[in-house]
Amino acid sequence: MFSRTAFTITVNPKIPPRLKRLEELANNLWYSWDRATRTLFSRLDPNLWEAVGHNPKAFLKRVDESALLKATEDRVFLATYNSILSTYDSYHDASSSQDYAGHLGPQDQVAYFCFEFGFHESLPIYSGGLGILAGDHCKAASDLHLPFVAIGLLYRQGYFSQTIDSLGNQQVTYTISDFDDLPVTPVLHEDGSSVQIEVALPQRTLVAKVWQAKIGHVTLYLLDTDLPENSPQDRYITHNLYGGDRTMRIEQEIILGIGGVRVLQALGIKPTVWHINEGHAAFMILERIHNLVEQGLDFATALETVAVNTVFTTHTAVPAGHDHFSTEMMQTYFSSFYQKLNITREEFLSLGHVSDSPDFNMTALAIHGSRTHNGVSKIHGDVSANICRDLWPQIEPEENPISYITNGVHVPTFLAQEWSDLFDRYLGHEWRNKMCDTGYWSGINAIPDHLFWSVRQSLKSQMFHGIRSRITDQNTRNHGSEAHLDRLLKFVDPINPNVLTLGFARRFATYKRAALLFENLDWLRKIILDQDRPVLLIFAGKAHPADVPGQDVIRRISQIAQFPEFEGRLLLIEGYDLRLARRLVAGVDVWLNNPIYPLEASGTSGMKAGINGAINLSVLDGWWGEGYDGKNGWAIKPGPRDMEGVLRDKEESRALYEILQDQVVPLYYNYGKLGYSPEWVKMAKHSMMSLLPRYNSTRMVDEYVTKFYRSASNKGTLYTENNFAGAKNIAAWKAKIRNAWRGVTLRRLDIPSERAHFSEALKFKVAARLNNLEPEDVIVELLMHRQYKKTRLTNFNHFKFEYTGTKDSDEHIFELRLTPELCGKQEYYIRIYPCHPLLSHPLEMGMMVWL
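Residues numbered from 1 in each chain as written. Predicted model: local features only at pLDDT ≥ 70, side-chain atom pairs only at ≥ 80, totals over all residues. Heavy atoms only, no water.

**Quick look at the overall build of the protein chain**
- Each helix and strand counted, the protein chain has 27 helices and 28 strands in total.
- For the protein chain, whose C-alpha radius of gyration is 29 Å, the value lies close to the compact-globule estimate of 29 Å for 851 residues.
- Projecting the C-alpha coordinates of the protein chain onto the three principal axes gives extents of approximately 95 × 70 × 55 Å.
- Taking all 851 residues of the protein chain together, 57% fall into the buried category.
- Look at the contacts in the protein chain between residues 6 or more apart in sequence, and 74% of them connect residues 24 or more apart. (Helix = DSSP H or I, 4+ residues; strand = E, 2+ residues; numbered from the N terminus. Rg over C-alpha atoms; globule rule 2.2 N^0.38 Å. Buried < 20%, exposed > 50% of the residue type's maximum accessible area, 1.4 Å probe, protein only. Contact = heavy atoms within 4.5 Å.)

Right under this line is the structure:
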């Protein structure tokens, strides 16, 4: 053997002046939802485009200069290039923005913090649903021309790549990204130097570099600690997403929260609304409080100032899913911090206190430091309110301040191009501006059934092409034979894509129950092995490297797929990523989702499938609990929450088999004379019409603006104007309430009537001992509803008592005159709670006394 040294050199092409703006297109993630732009790059060199993973920036560094020069002589290419630039410039033209003056003011700025962002496979800083949702939020904010910036971390390795061996074992590979290949650029000072910020960690100061990614109009700022100024240990902090131990996690969250605030300060950006998307970024609350304390505010006033314009969104449906750190770890990282806030250690730790754990809880910190909180579906809003009920101890969970905004998906990203073309033809080009107009989308009925079906089959065929490629690579790497490959691909036929295809693709967490379909294999065999009505099952997804039960699920599915009778009928696709996800949601006929109720916070994959004409078959959990209308898919009614797990799985799998056997398979194969099922097309059309205008990210972000952002900004102004007069007022008032509330009592003075005639006025009279509070500090009210129908307190009619102006000893007298509007037995309650005009929610204090 000879000893030799390998040297490398990268030769980059010079972009011809005529094509110079290709670099601009490659550095704006607008391409992630503009298919024409991605196709333009692909045309220059299709093989290279595949080799670089559809990454335009990496592509431009490697494409042969001869291909670029040839393109400058290609009239068709240039015409397409010019058309794309025209569309790009029109999109980015500020004068073309939608009028949001009625929602946000000219000085408003929203800052959106999240641990991960998923825009496109070319920027691998996401793992799954949270990141894709954050990416869609940014894209919709760009579409709406919102004043919006985002803050995240730039992971050197990101999340892992997955392969699956012949035994079904998940193999994990981390790929180190070359930031020069990613659609990010360093943020620079005017003198050309990189913008960097410093964050204090125990016994050291860490330096983070700031990068930026453009997402249409929106800028995402990303922090990177992999710098020579830092120790090897600190350089590694931003290497992995959801990797490492608790020390790495708290340091990542400190950099995101505290460092993120400092990035905005360094850039002169002054948000009027701060949005924490999941609790990872909640340390930003502490940094903002610290900044105000340094300006001279006391802690209580600073907390109110920070919280009033902070929005917190939780995506977790189980208490164990909320990030938490031991008090010892918090002491290590924040002992000097709480001293700077002029509060005690106990006061500091109380910001993250929950009743059932000694740890510092990030969700509790996020709630204490915000005044607007929400779950991500109606069901999840209720679940979150119940999980966090101890933060408002005297308020029923259904009434506490946690609201909900159901997630949505970015239609231009996930809607297949074939549907866009068909909509242009039958709905008109204006459909892009009618995204939330439910009446407008009834126009889908005007699309001829045979064309609708043709698009569906075309998308399935494209999906089959991609699956064949992946299965072939998988089989080759696992040393499978050609004969075995032929058996695997028997039904994945792009030329004849007429097999009923069911898809399940998501994170393989155990609560998602990917293996529910395999509870009764004999029944499953009867359903999918019918020679005249075959069924193809496609599974894909990753399990976290530390999630052994999730990896066991992958292994079990792989083993069942190798049973001779299931070969080719059950496929487990490795390497689940955004690219594969786009293919699957557009190509399958039925999208499966069977989580354990109520553990699915929202779920968005079914939305993506639904807007592409696939039909959902799902447990009534998450978004499907409100999306299902009885005609746009199939629903599995969840069993009681206290049902034993094995019995629940048995009952719900039975419902799944019955729906497949009695409804799904017969409906699909009920072919008419034209070779397709008219009733299937009818349901698919209705699915698309009912879901697309309701579950898109434009509607979602518009709800955040109208329900949360605008009020948070307005309240923030009220709190800060006149030298923080509002914040000082509300902080002092809350202190007064907390000191007095234990002594507040309520008793009834009138004699309760058991019967009354319709239209007869009833008089109620109570005495309230306010313990040195004033009558204007409280609300005394009566809640009434018909007794025969059990309902939530939020559905009761509310009637406010009036203070009579009289006192009896140390009690204030309140009266109410009420004429019931309905006959029958009425159920009513009387209560008192503190209230102030500057509160963001009437029950914000979490205090209440019932009679």
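**Description of the nonpolar core**
- Counting 174 residues, the largest nonpolar core has Phe-283 and Tyr-709 as its most contacted members.
- No other element matches helix 27 (residues 697-740), which puts 14 residues into this core.
- In this structure Phe-283 touches Ile-250, Glu-253, Ile-254, Gly-257, Ile-258, Phe-325, Met-330, Phe-334, Phe-360, Met-362 and Leu-365, once residues within four positions along its chain are discounted.
- Counting 107 residues, the second-largest nonpolar core is a separate cluster that includes Val-455, Leu-580, Ala-609 and Met-688. (Core = buried A, V, L, I, M, F, W, Y, C linked by side-chain atoms within 4.5 Å.)

**Comments concerning the sheet that holds strand 23 (residues 778-786)**
- The sheet built from four strands is open, its strands ordered 24-23-27-28 with antiparallel pairing. Across the chains shown, the open sheet's two edge strands, defined by having one partner strand only, are strand 24 (797-800) and strand 28 (849-850).
- Here four bridges tie strand 23 to strand 24, and the two strands are oriented antiparallel to one another. Paired with Met-784 across the strands is Asn-797, a residue of strand 24. (Pairing = 2+ DSSP bridges.)

**Details of unusual backbone geometry**
- Here the residue pair Tyr-597 and Pro-598 is connected by a cis peptide bond, since its omega of 0° sits within 30 degrees of zero.
- Here Pro-598 is to be found in the loop between strand 18 (590-593) and helix 23 (605-611).
- Positive phi is not limited to glycine here, since Asn-342 has a value of about 65°.
- Counting through the fold element by element, Asn-342 comes out in the loop between helix 12 (327-340) and helix 13 (345-350).
- With a phi close to 60°, Ser-809 is a non-glycine residue in the positive phi region.
- The residue Ser-809 is located in the loop between strand 25 (802-808) and strand 26 (811-818) in this model.
- Relative accessible area serves as the criterion here: at 65%, Ser-809 is assigned to the exposed category.

**Structural notes on the side chain of Glu-121**
- With respect to the helices, strands and loops of the structure, Glu-121 is situated in the loop between strand 1 (110-113) and helix 7 (129-143).
- At 3.4 Å, the side chain of Glu-121 forms a polar contact with the side chain of His-120.
- Beyond its immediate sequence surroundings of up to four residues, Glu-121 is in contact with Gly-53, His-54, Tyr-126, Leu-578, Arg-579 and Arg-582. (Polar contact = N/O pair within 3.5 Å; in protein donor to acceptor, adjacent residues only side chain to side chain.)

**Re helix 7**
- Along its 15 residues, helix 7 runs 21 Å from first to last C-alpha, staying within 8% of the 21 Å computed at 1.5 Å per residue.
- The element helix 7 is largely enclosed, with a buried count of 14 among its 15 residues.
- Downstream of helix 7 by a residue or two, His-145 has a phi angle that is positive, lying close to 55°. (Expected span 1.5 Å × (residues − 1).)

**Considering helix 26 (residues 678-691)**
- Compared with the 20 Å implied by 1.5 Å per residue over 14 residues, the 20 Å span of helix 26 between its first and last C-alpha is a close match.
- In terms of residue burial, helix 26 counts as a mostly covered element, since 10 of its 14 residues are buried.
- Among the residues of helix 26, Trp-680, Val-681, Met-683, Ala-684, Lys-685, Ser-687, Met-688, Met-689, Ser-690 and Leu-691 are the ones counted as buried.

**Describing the packing of aromatic side chains**
- Tallied over the full model, the rule gives 49 aromatic pairs.
- Feature note: the residues Phe-283, Phe-325, Phe-334, Phe-337, Tyr-338, Phe-348 and Phe-360 constitute an aromatic cluster, connected by ring pairs.
- For Arg-506, the ring lying beneath its charged end belongs to Phe-504, and the centroid distance is 4.4 Å.
- In this structure, Lys-542 is placed above the aromatic ring of Phe-160, and the distance from its NZ or CZ to the ring centre is 5.0 Å. (Phe/Tyr/Trp six-rings, centres within 6.5 Å; stacked < 30°, edge-to-face > 60°. Lys NZ or Arg CZ within 6 Å of the ring centre and 35° of its normal.)

**So, the pairing of strand 7 (residues 204-215)**
- Among the 12 residues in strand 7, nine count as buried, and that is most of the element.
- Turn length for the strand 6 (residues 196-201)-strand 7 hairpin, with the two strands adjacent in sequence and antiparallel, is two residues, and the turn residue Gln-203 shows positive phi of about 60°.
- Taken together, the seven bridges between strand 7 and strand 8 (residues 218-224) define a ladder with antiparallel strand orientation. Bridge pairing links Ala-213 to Leu-220 in strand 8.
- If you look at the hairpin formed by strand 7 and strand 8, you'll find two residues sitting between the two strands, and Gly-216 has a positive phi there, around 60°.

**What about the packing of helix 9 (residues 246-266) against helix 10 (residues 283-294)?**
- Across the interface, helix 9 lies against helix 10 with an axial gap of 8 Å and an inter-helix angle of 45°. When the axes of helix 9 and helix 10 are compared, the pair comes out oblique. The hand of the helix 9/helix 10 crossing is right-handed. Residues Ile-250, Glu-253, Ile-254, Gly-257, Ile-258, Val-261, Arg-262 and Gln-265 of helix 9 form the contact with helix 10, whose participating residues are Phe-283, Met-284, Glu-287, Arg-288 and Asn-291.
- Partitioned by chemical class, the residues of the contact of helix 9 with helix 10 number six nonpolar, three polar and four charged. (Axes fitted to C-alpha atoms, helices over the stretch in contact; angles between N-to-C directions. Parallel < 35°, antiparallel > 145°, perpendicular 65-115°, else oblique. Left-handed = near helix turned anticlockwise from the far one by under 90°. Nonpolar A, V, L, I, M, F, W, Y, C, P; charged D, E, K, R; others polar.)

**Some thoughts on the packing of helix 18 (residues 449-477) against helix 22 (residues 578-587)**
- For the pair helix 18 and helix 22, the least separation of the axes is 8 Å and the interaxial angle reads 140°. When the axes of helix 18 and helix 22 are compared, the pair comes out oblique. Helix 18 and helix 22 meet at a crossing whose hand is left-handed. Where helix 18 abuts helix 22, its residues Arg-456, Leu-459, Lys-460, Gln-462, Met-463, Ile-467 and Arg-470 lie against Leu-580, Arg-583, Leu-584, Ala-586 and Gly-587.

**Structural notes on the environment of Gln-531**
- In this structure, Gln-531 sits in the loop between helix 20 (521-528) and strand 16 (535-540).
- Here the alpha-carbon distance between Gln-531 and Phe-348, two residues 183 residues apart in the chain, equals 67 Å.

**Here's the deal with the sheet that holds strand 21 (residues 745-748)**
- With antiparallel pairing, the four strands of this open sheet are ordered in space as 21-22-26-25. Bordering the open sheet on either side are strand 21 and strand 25, each of which pairs with just one other strand. Within this sheet the neighbouring strands show an average axis-to-axis angle of 30°, counted without direction.
- With four bridges joining them, strand 25 and strand 26 adopt antiparallel strand pairing. Each bridged residue has a counterpart across the sheet, and for Lys-807 the counterpart in strand 26 is His-812.

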